[in-house]
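The chain contents come next:
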Amino acid sequence: MAVFVALGAFLMTLAGGWTALRVTDRRHLVLGLAGGLMLGVVGLDLLPEALEAADTEVFAVPAALLLFVAGFLLAHLVERLLAVRQAAHGAEESDGRTPEVGLTAAAAMVGHSAMDGVAIGAAFQVGGGMGTAVALAVVAHDFADGFNTYTITSLYGNARRRALAMLFADALAPVAGAASTLLFTIPEPMLGGYLGLFGGALLYLAAAEILPEAHHEHPARSTVLCTIAGAAFIWLVVAVAE
């Protein structure tokens, strides 16, 4: 049952990527929406789940929040190291974008989608009601995952072929994750720590890369509205799932 439900996540991910692909003539709106979706996923979905799953504290600070900060700093460090390396080899892009950063970020999205599939499988092991609730949340926000995966990959100068490859990998990941739960499960505290770490990295990409790029050439009010709409959409998804 879990694998069958994960096929819905597969289709929604492809739908999100297809949407990002088809509206490239309104790139600033696409990026504004992507930034809002990423902000909503982090603040309204990933962080609450991480805090609930990893309920331990380290020096009076929740472990999930420490990993959240670590993820933000790690994303910043990876981007800086890749940019410095590319500049040192004389291969820096004219717009300063490094394709490796986009691929790394998209790979993180694929890993997150795989964990979504694991979450579906684990929830169905507990019970059908819980499995349905978790599956609804995953399938709904996988549209945003597909949208963001394609956008992030292409934003950093990767060819369309690479962006599509990462999109298909992201679409297949929930199915593979759900199938893996037939063999093993992940301890809840470890899952919570991962969600915190990934959330920090995703917030860095949204705040430091996606949104500034959205307003760089088109500082329009419509771009801000798209960002707000993206965050509001995730809020609606979370509300429906609850």
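See the structure shown above.
All figures in this text were calculated on a predicted structure; none of them were measured in a lab.

Counted at 1.5 Å a residue, the expected span for helix α6 (residues 160–180) with its 21 residues is 30 Å, and the 30 Å between its end C-alpha atoms agrees. For α6, the full list of buried residues reads Ala-163, Met-166, Leu-167, Asp-170, Ala-171, Ala-173, Pro-174, Val-175, Gly-177, Ala-178 and Ser-180.

With that settled, the discussion passes to the layout of surface pockets. Volume-wise, the second largest pocket comes out at about 290 Å³. Contributions of two or more residues to the lining of the second largest pocket are made by α3 (63–88), α4 (99–126) and α7 (188–216). Examining the composition of the lining of the second largest pocket, we find that 8 residues originate from one element, α7, more than from any other.

Before going further, it helps to spend a moment on the environment of Phe-4. Here Phe-4 lies in helix α1 (residues 2–22). Counting along the chain gives 174 residues from Phe-4 to Ala-178, while the straight-line C-alpha distance between them is 8.9 Å.

As a further point, take unusual backbone geometry. Even without being a glycine, Phe-59 presents a positive backbone phi close to 50°. Although it is not a glycine, Ala-60 sits at a positive phi angle of roughly 70°. Residue placement: Ala-60 occurs in the loop between β1 (57–58) and β2 (61–62). Note on Ala-60: relative accessible area 65%, which makes it exposed.

One finds Met-38, Leu-46, Ile-152, Leu-202, Leu-205 and Ile-210 to be the most contacted residues of the largest nonpolar core, which totals 35 residues. Elements represented by at least two residues in this core include exactly α1, α2 (27–53), α3, α4, α5 (128–155) and α7. Sort the elements by how many residues they give to this core and α2 lands first, with 10 residues. If you look at the next biggest cluster of nonpolar residues, it comprises 11 residues, including Val-5, Ala-9, Val-139 and Val-175.

Rules of the game
Residues numbered from 1 in each chain as written. Predicted model: local features only at pLDDT ≥ 70, side-chain atom pairs only at ≥ 80, totals over all residues. Heavy atoms only, no water. Helix = DSSP H or I, 4+ residues; strand = E, 2+ residues; numbered from the N terminus. Expected span 1.5 Å × (residues − 1). Buried < 20%, exposed > 50% of the residue type's maximum accessible area, 1.4 Å probe, protein only. 1 Å grid on protein atoms, 1.4 Å probe; cavity = no way out; pocket = protein on both sides within 12 Å on 5 of 7 lines; lining within 4 Å. Points joined across faces, edges and corners; volume = space filled by probe spheres on them. Core = buried A, V, L, I, M, F, W, Y, C linked by side-chain atoms within 4.5 Å.

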